[in-house]
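Survey of secondary and tertiary structure
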Protein chains: 2
Amino acid sequence: MSVDDAEALPERRRRRTDKRHTAGVKAVAAAAGVSLGTVSNVLNRPEVVSPLTRAKVEAAMAALGFVRNESARQLRAGSSRIIAYLMLDAGNPFFTDVAKGVEEAAQAAGLSVFLCNSNEDVDREADYLDLLEQQRVQGILITPIDQNSSRLRKLPSRGTPVVVVDRALDDTEHCSVAVNDVLGGELAISHLLELGHRLIAYVGGPNTIGQVLDRRDGARNALHKAERPATDLIELTTGALTVAEGRGAGQRLAGLPVDRRPTAAFCANDLLALGLLQQCVSLGLRVPEDLAIVGYDDIEYAEAAAVPLTSVRQPRQLLGRTAAELLLDESSNPDHEHQRVIFTPELVVRTSTRGTG
Amino acid sequence: MSVDDAEALPERRRRRTDKRHTAGVKAVAAAAGVSLGTVSNVLNRPEVVSPLTRAKVEAAMAALGFVRNESARQLRAGSSRIIAYLMLDAGNPFFTDVAKGVEEAAQAAGLSVFLCNSNEDVDREADYLDLLEQQRVQGILITPIDQNSSRLRKLPSRGTPVVVVDRALDDTEHCSVAVNDVLGGELAISHLLELGHRLIAYVGGPNTIGQVLDRRDGARNALHKAERPATDLIELTTGALTVAEGRGAGQRLAGLPVDRRPTAAFCANDLLALGLLQQCVSLGLRVPEDLAIVGYDDIEYAEAAAVPLTSVRQPRQLLGRTAAELLLDESSNPDHEHQRVIFTPELVVRTSTRGTG
DNA sequence: TCGGCGTGTTGAAACGTCTTAGCCGAGGAA
DNA sequence: TTCCTCGGCTAAGACGTTTCAACACGCCGA
């Protein structure tokens, strides 16, 4: 039995279980002729090691293709350099814009962002929360489906900071960042009233969504402030905030007798507004002459519609950025106090209410 | 010096460095009156531990709020239960749909997906690749900016499988999944030719993007096959694949003298097509009577446009699902062989070419 | 010559989990 | 009764990194 044979077996075994033959600090240290600690210093505090030694170590790392094992680092050091944003719906441009803001703030702080998509599924949200807690991420940003989830409540007390995005929580466990939707509704309706409209439709639903209700309340407020009767607001309830539902609402709207048909519509989001617009145009109504339309969110496609859409804009990136900054403060500042930030929306007027002038 | 004082100091020190007072396996074992190994067995092989012991351990875990430390698990076990999809642009609905397919396949295999957004930024792509490799994720799906990046090439040899999405690589290191863009271009132009159009515009750019070139080549092929002169294709080159550029192209198109103006346009993606549509309509052209339009990607908003858009649909979710499945095979099947899967696009005909009939 | 200092480097211990070999005791076969 | 088996559990390393007290060395001032 030769020496070769004696070594062949363990070698083969190593190969089978361990697909990654990545060199560790130990191998680098040996190759560079220094100790473990020195390699670690090169990695984490390069300034304390002499230029000569550092060069040797760096050469060894390059030669061996060394890749730091983050699991081990994190286990020992106790801290992760990652934050996560658990999104409600990655397909909705609103949330991807928020995510952009998050990334911006994280990058400035030297952290990385992992995006997770709960896709409006309660179970997936729960699974991701568990996973992220197990990963010991530095913190979690979330637009929750179920804000009262006990899982969500328990996270901060166990050491994972949580910031709630696009929902205002009345709770003392987390920070939250949101936009004033009631005010948004008021802006939209006030604008339409100023243009001389009397009968106005509110298109939105289902009424289980907080945002939908807030925007409707804002609409009612505006009417009230202008001393108009509440009956001037015709509510068309939809089953979801989608383009298809918008088309359905358009059908219903166009079918009303002319004397009872609103001359303007305020939609709870832009997708509804796009559907409404499309259906009304194809049924022969002119926008804005026969029907003025206001959307909500000001997504990119609102401007690209056949008739560019007047819409209530939310500061999406700012929302994400602020949320991330609150998270960073919470995880680094021992005197952190939870805050509830509420941003103000802004009306962007385009052709769908003002005409081509 | 009392006993209390003696213990106070280390206690305070622990608190300061270690914000998370999460109980570990050790604490659970103590609370349940069993050994470390038994707790680990409850976690990973519940069937080998007796029901009575298991119940005790589970009760202890619940009481202490035990959360497994995934870093430690991964360090010891050597494998992660996470795959990542490094997206080119999270704001583009095309990629979020691909991501949905990825999530679907991952969930079926019991894995979780982390989404990362390179945002078409080479540096961020590189940073994320490094990060993911350090995290020792089970594998990486990527729609790369720079397909020839050495970083990308080296990953598989170091043990992190990589699957390239929406790009066909001629390379032997990875699997790749893509869609036949040349064929897509042919479909679009053949459709327009069948409708009797002679002069056709191709709107797309910049010409550094592979997809843009492939679709153009497909368009030329179709013309060639129909024995039409190459000059029947008017190329309008844009600076990007955005709505704004589409509007610019519309302006240019509408400005052409009528006898030299194409009666149809094929756009390299839907955003361009939406911009083109909007501009042409607002300049008084009727769609499709004066100008027929075909887009590419069939994003949700294509159907929601003022004039629903004919578009070339790519099997987006299938793309993501297939890519994830290839990745899973590569990381679990020792006999894995790299593959290059190419899907076939499909033409979805709507009003923008066919009229309301 | 000596103590003291600062700069660079070392070695060993820890982080929390999984794994493996082995231990114990009960029950069955001889 | 003795021996063996087997299910259930324990104890003792790993895993790859960071940290920290200790150390070697050259230098200065006393």
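It should be emphasised that the depicted structure is a prediction, and the values quoted were computed from it without experimental measurement.

What follows covers the overall build of chain A. When helices and strands are tallied, chain A shows 15 helices and 12 strands. For 357 residues, the compact-globule estimate of 2.2 N^0.38 gives 21 Å, and chain A exceeds it by more than 25% at 28 Å. For chain A, the spread of C-alpha atoms along the three principal axes comes to 100 × 50 × 40 Å. Expressed as a percentage of the 357 residues in chain A, the buried residues total 52%. The long-range fraction of contacts in chain A, counting pairs at least 24 apart against all pairs at least 6 apart in sequence, stands at 68%. In chain A, which carries 40 positive and 47 negative side-chain charges, the distance between the mean positions of the two groups comes to 5 Å.

Once that is clear, we can look at the side chain of Thr238 of chain A. Residue and element names in this part refer to chain A. Following the sequence through the fold, Thr238 ends up in the loop between strand S7 (233–237) and helix H11 (243–254). Residue Thr238 is classed as buried on the basis of its relative accessible area of 4%. Engagement of the side chain of Thr238 in a polar contact is seen with the backbone nitrogen of Gly205, the distance being 3.2 Å. Looking at Thr238, its side chain comes within polar contact range of the main-chain oxygen of Ala240, at 3.1 Å. Leaving out residues up to four positions away in the same chain, Thr238 has contacts with Val203, Gly204, Gly205, Pro206, Glu245, Ala249, Arg252 and Leu272.

What follows is about the relation of the copies chain A and chain B. After a rotation of 180 degrees and a shift along the axis of 0.1 Å, chain A superposes on chain B with an RMSD of 0.1 Å. In the structure described here, the two chain copies are related by an operation that fits a two-fold rotation axis. Of the residues that chain A buries at the interface, 100% are likewise interface residues in chain B, meaning the two copies contact each other through the same surface.

Below, the discussion takes up the protein's contact with DNA strand C. Surrounding DNA strand C, one finds 22 residues, the nearest of these being Ser35, Thr38, Thr53 and Arg76 of chain A together with Val25 of chain B. Sugar plus phosphate: this is where 69% of the atoms of DNA strand C within 4 Å of the protein reside. In the model, a phosphate oxygen of DNA strand C is placed 3.3 Å from a nitrogen or oxygen of the Asn44 of chain B side chain. At the level of elements, helix H3 (36–44) and helix H5 (70–77) of chain A together with helix H3 (36–44) and helix H5 (70–77) of chain B are the ones that each hand at least two residues to the surface near DNA strand C. Looking at the surface near DNA strand C element by element, the count peaks at four residues for H3 of chain B. Tallied by class, residues from the surface near DNA strand C come to seven nonpolar, 10 polar and five charged.

The sites that carry the UniProt feature "domain: HTH lacI-type" (unreviewed entry) are, in the present numbering, residues 23–77 of chain A. The annotated region residues 23–77 of chain A carries 71% helix and 0% strand content, and the separation between its end C-alpha atoms amounts to 20 Å.

What counts as what
Residue positions are given per chain, counted from 1 along the sequence in the order it is written. Here chains are named by letter from A upward and ligands by number from 1 upward, in the order in which they appear as written. Side-chain atom pairs in this predicted model are given and counted only at pLDDT of 80 or more, local residue features only at pLDDT of at least 70, and totals for whole chains, interfaces and linings cover all residues. Hydrogens and waters are ignored; side-chain quantities use all the structure's heavy atoms. Counting from the N terminus, the helices are DSSP H or I runs at least four residues long and the strands are E runs at least two residues long. Each radius of gyration is computed over the set of C-alpha atoms, and the globule rule expresses the reference value as 2.2 Å times the number of residues to the power 0.38. A simple rule labels every residue: compare its accessible area, found with a 1.4 Å probe on the protein chains alone, to the largest value its type can have, and call it buried under 20%, exposed over 50%, or partly exposed in between. By definition in these notes, contact holds between two residues if any of their heavy atoms fall within 4.5 Å. Lys and Arg are tallied as positive, Asp and Glu as negative. Neither His nor the chain termini are counted. We put the charge of a Lys on NZ, of an Arg on CZ, of an Asp on CG and of a Glu on CD. Definition of a polar contact: a pair of N or O atoms within 3.5 Å, with one able to donate and the other able to accept a hydrogen when the atoms are protein atoms, and with sequence-neighbouring residues admitted only if both atoms are side-chain atoms. Here the copies are superposed with least squares, the fitted atoms being C-alpha atoms of residues at a pLDDT of at least 70 in both. Residues are labelled near a given molecule or strand when at least one of their non-hydrogen atoms is within 4 Å of it. Residues are grouped as follows: Ala, Val, Leu, Ile, Met, Phe, Trp, Tyr, Cys and Pro are nonpolar; Asp, Glu, Lys and Arg are charged; every other residue, Gly included, is polar. UniProt positions are given in the numbering used here, feature names are shortened, and annotations may be inferred rather than shown by experiment.

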